[in-house]
Amino acid sequence: MSGLRLAAMLSVVITIGIVIALLGPALEFFREVPVVDFLTGTRWAPRFANPSYGVLPLVTGTAWTTLIALCIAVPFGLGAAIYLSEYAPNRARKVLKPVLEVLAGIPSVVYGFFALYFIAPEVLKGLLGIEVGTFSVLAAGVALGIMIIPTVASLSEDAMSAVPQSLRDGSLALGANRMRTTLRVVFPAAISGIAASIVLGLSRAVGETMIVALAAGTQPTMVSSPTTPGQTMTGFIAQTATGESTPGTLTFNALYAVGLLLFVITLIVNIISIRLVRYFREAY
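All residue numbers refer to position in the chain's written sequence, counted from 1. For this predicted model, a pLDDT threshold of at least 70 governs which residues receive local features, and a threshold of 80 or more governs which side-chain atom pairs are given and counted, while totals over whole chains, interfaces and linings are taken from all residues. Side-chain metrics rest on all non-hydrogen atoms present in the structure, leaving aside hydrogens and water.

1. What to know about the overall build of the protein
Line of reasoning, step 1. When helices and strands are tallied, the protein shows twelve helices and two strands.
Line of reasoning, step 2. A run of DSSP states H or I qualifies as a helix once it reaches four residues; a run of E qualifies as a strand once it reaches two. Both are numbered from the N-terminal end. For the protein, the succession of helices and strands along the chain, N to C, is α-α-β-β-α-α-α-α-α-α-α-α-α-α.
Line of reasoning, step 3. Taken over the C-alpha atoms alone, the protein extends approximately 75 × 55 × 30 Å along its principal axes.
Line of reasoning, step 4. Note on classification: 1.4 Å probe, protein chains only; a residue is buried when its accessible area is under 20% of the maximum for its type, exposed when over 50%, partly exposed between these limits. Within the protein, the proportion of its 284 residues that are buried is 39%.
Line of reasoning, step 5. We call two residues contacting when some pair of their heavy atoms lies within 4.5 Å. A separation of at least 24 residues holds for 71% of the contacts in the protein among residues at least 6 apart in sequence.
Line of reasoning, step 6. Counting only carbon and sulfur atoms, one obtains 69% of the accessible surface of the protein, whose full area is about 14900 Å².
Line of reasoning, step 7. Working convention for charge: Lys and Arg count positive, Asp and Glu count negative, and His plus the chain ends are omitted. Here the site of a charge means NZ on Lys, CZ on Arg, CG on Asp, or CD on Glu. Counting 17 positive and 13 negative side-chain charges, the protein places the averaged centre of each group 9 Å from the other. Per-residue and other accessible areas were derived by the Shrake-Rupley procedure at a 1.4 Å probe size, with only the shown protein chains allowed to occlude residues.

Structure representation (C-alpha cells):
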C-alpha cells in the first residue's frame, strides 16, 4: 500500500511541478499583456514590429483539429470496439487487436508526414475532390483521428469485454437480438470506460504536437474553414521552443502563457468528463 500511495503522490507532485514551471514566465508575460486581451484577441503576431498577443487564432486551430479528429476516431474506434468485443471470433480478435494497437506505437512525426504527403494530396484532393493546400487543419485533423483510433478502440473494447456475460444472456433470453443487446445493454453498462477512452483520445489530440506542426501550418489565423491552414497552440509551442526567441523576452514568455492555457483547458475537460462519467456510470 505504501508503494501505491507513493506512486499516487508522485503524480500529484509532478503535476504541481509542471504548474510551477509554467507560472513564473506566464506571470511575467501577463504583467505586460492583459489577460483579457490575451484571451479575446483575434490577432497573434508576436514577432511583428507591432506585436499582438490575441490567442484566439491558436485556440480555433486547436479546436478545429481536435473536433475533426474526434469525428474520425469516435465512430471508427467504437465500431472496432463493438466488433472485437461482441462479434469477432477469438482467432480474429487475437489478430486484429494487436494489429490495431500497432497504430498507437507509430511515432507522431510519421503521421505528420503521412498527412502532408498522402492525406492532403491523395485522399482529400485526389479521392474526395476537396480543395486544400499543402497545409490544412483538415489533413492534420484526419491524421490525428487515425492516430487516436487505437486509444478509443482498445479502451472501449476492454470496457465492453468487462461487462458480465449474464447481462447479455438475460437480454437475449427476453427476445432482444444481438445488435439490440449490444446497444441497449452492453454499451450503457460500459459507458464509463467508453467515455474515459474518448476523453483520453481527446486529451491526446489536444496535446499532440508533431502532426499539427507539420500538416496544419504555421500561420496563426482565425480558422473559419477546415480546408484552410492554421496554427495550433502546440504548433506554436514547438515553433518557439526551437530557439527562434531569446529566453526572457516577451515572445519567449508567450510560450509559457500558451502552455498554461493549454494546461487549464485540458484540466477543465478532464473535470467535466469525470463528472459526466460519474453521472452516467452504471453499477452491476
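2. Here's the deal with a nonpolar patch on the surface
Line of reasoning, step 1. Excluding any residue in a salt bridge, patches collect residues exceeding 30% relative accessible area, merging like charges within 9 Å and nonpolar Val, Leu, Ile, Met, Phe, Trp and Tyr side chains within 5 Å. Salt bridge, as used here: a side-chain nitrogen of Lys or Arg that lies within 4 Å of a carboxyl oxygen of Asp or Glu. Judged by side-chain polarity, V264, I268, I272 and L276 come together as a nonpolar surface patch covering roughly 330 Å² of accessible area.
Line of reasoning, step 2. Summarising the element assignment, I268 is placed in helix α12 (residues 250-280).
Line of reasoning, step 3. According to the relative accessible area criterion, I268 is partly exposed, its value standing at 46%.

3. Regarding the confidence of the model for the protein
Line of reasoning, step 1. Confidence of the predictor at the level of single residues is captured by pLDDT, which takes values from 0 to 100. Looking at the protein, pLDDT values average 86 and 96% of them are 70 or higher.
Line of reasoning, step 2. Looking at the elements of the protein, mean pLDDT is at its lowest for helix α11 (residues 233-244), recorded as 79, and at its highest for helix α3 (residues 56-87), recorded as 92.

4. Regarding helix α9 (residues 191-207)
Line of reasoning, step 1. An ideal rise of 1.5 Å per residue puts 24 Å on 17 residues; α9 measures up with 24 Å between its terminal C-alpha atoms.
Line of reasoning, step 2. All of the buried residues along α9 are S192, I194, S197, V199, G201, L202, A205 and V206. The span you would expect from a helix comes to 1.5 Å times its residue count less one.

5. Remarks on the packing of α3 against helix α4 (residues 90-102)
Line of reasoning, step 1. The convention used is that axes are lines fitted to C-alpha atoms, helices contributing only their stretch in contact, and that angles between N-to-C directions extend from 0 to 180 degrees. In contact at an axis separation of 10 Å, α3 and α4 are set at 150 degrees when each is read in the N-to-C sense. With respect to their mutual orientation, α3 and α4 come out roughly antiparallel. Handedness of the α3/α4 crossing: left-handed. Together, A80, Y83, L84 and S85 of α3 and A92, R93, L96, K97 and L100 of α4 make up the contact between the two elements.
Line of reasoning, step 2. Class assignment for the residues of the contact of α3 with α4 results in six nonpolar, one polar and two charged. Geometric relationships in this document are graded by angle, where less than 35 degrees denotes roughly parallel, more than 145 denotes roughly antiparallel, 65 to 115 denotes roughly perpendicular, and other angles denote oblique. Here a crossing is taken to be left-handed if its near helix is turned anticlockwise relative to the far helix by less than a right angle, and right-handed if that turn runs clockwise. For this classification, the nonpolar set comprises Ala, Val, Leu, Ile, Met, Phe, Trp, Tyr, Cys and Pro, the charged set comprises Asp, Glu, Lys and Arg, and every other residue, Gly included, is treated as polar.

6. A look at the pattern of salt bridges
Line of reasoning, step 1. Applying the stated rule across the entire model yields four salt bridges.
Line of reasoning, step 2. The partner of K97 in a salt bridge is E157, with the nearest N and O atoms 2.6 Å apart. Of this pair, K97 sits in helix α4 while E157 sits in helix α6 (residues 137-161); the two residues are 60 residues apart in sequence, bridging distant segments of the chain.
Line of reasoning, step 3. One continuous salt-bridge network, built from bridges that share partners, spans K97, E157 and D158.

7. Remarks on the packing of aromatic side chains
What characterises a pair of aromatic rings is the spacing of the ring centres plus the angle enclosed by the ring planes.
Line of reasoning, step 1. Aromatic pairs are defined between Phe, Tyr and Trp rings, using the six-membered ring for Trp, whenever the two ring centres lie within 6.5 Å; interplanar angles under 30 degrees are classed as stacked, those over 60 as edge-to-face, and all others as tilted. A full pass over the atoms with the stated rule returns ten aromatic pairs.
Line of reasoning, step 2. Ring plane angle 20 degrees and centroid distance 5.3 Å describe the contact between F114 and F118, whose orientation is recorded as stacked. Here F114 pairs with F118, and both are found in helix α5 (residues 108-127), just four residues apart, close to one helical turn.
Line of reasoning, step 3. For F114, a relative accessible area of 32% puts it in the partly exposed group.
Line of reasoning, step 4. By relative accessible area, which is 39% here, F118 ends up partly exposed.
Line of reasoning, step 5. One aromatic cluster is present, built from ring pairs that chain together F29, F30, F38, W44, Y53 and F236.

8. What to know about the nonpolar core
Line of reasoning, step 1. I119, M160 and I211 are the most contacted members of the largest nonpolar core, which has 41 residues in total.
Line of reasoning, step 2. Taken together, the elements giving at least two residues each to this core come down to α3, α4, α5, α6, α8 (178-189), α9 and α10 (210-215).
Line of reasoning, step 3. Element by element, the count of residues in this core is highest for α6, at 14 residues.
Line of reasoning, step 4. With residues near it in sequence (within four places) discarded, M160 still touches A81, I82, S85, E86, R168, T182, V186, A190 and I194. To form a nonpolar core, buried Ala, Val, Leu, Ile, Met, Phe, Trp, Tyr and Cys residues must be joined to one another through side-chain atoms within 4.5 Å.

9. Here we look at the packing of α3 against α9
Line of reasoning, step 1. At their nearest, the axes of α3 and α9 sit 9 Å apart, and the two run at 145 degrees to each other. Crossing angle aside, the handedness with which α3 passes α9 is right-handed. Contacts between α3 and α9 involve T62, T66, A69, L70, V74 and L78 from the first element and I194, I198, L202, A205 and V206 from the second.
Line of reasoning, step 2. Along the lines of polarity and charge, the residues of the contact of α3 with α9 split into nine nonpolar, two polar and no charged.

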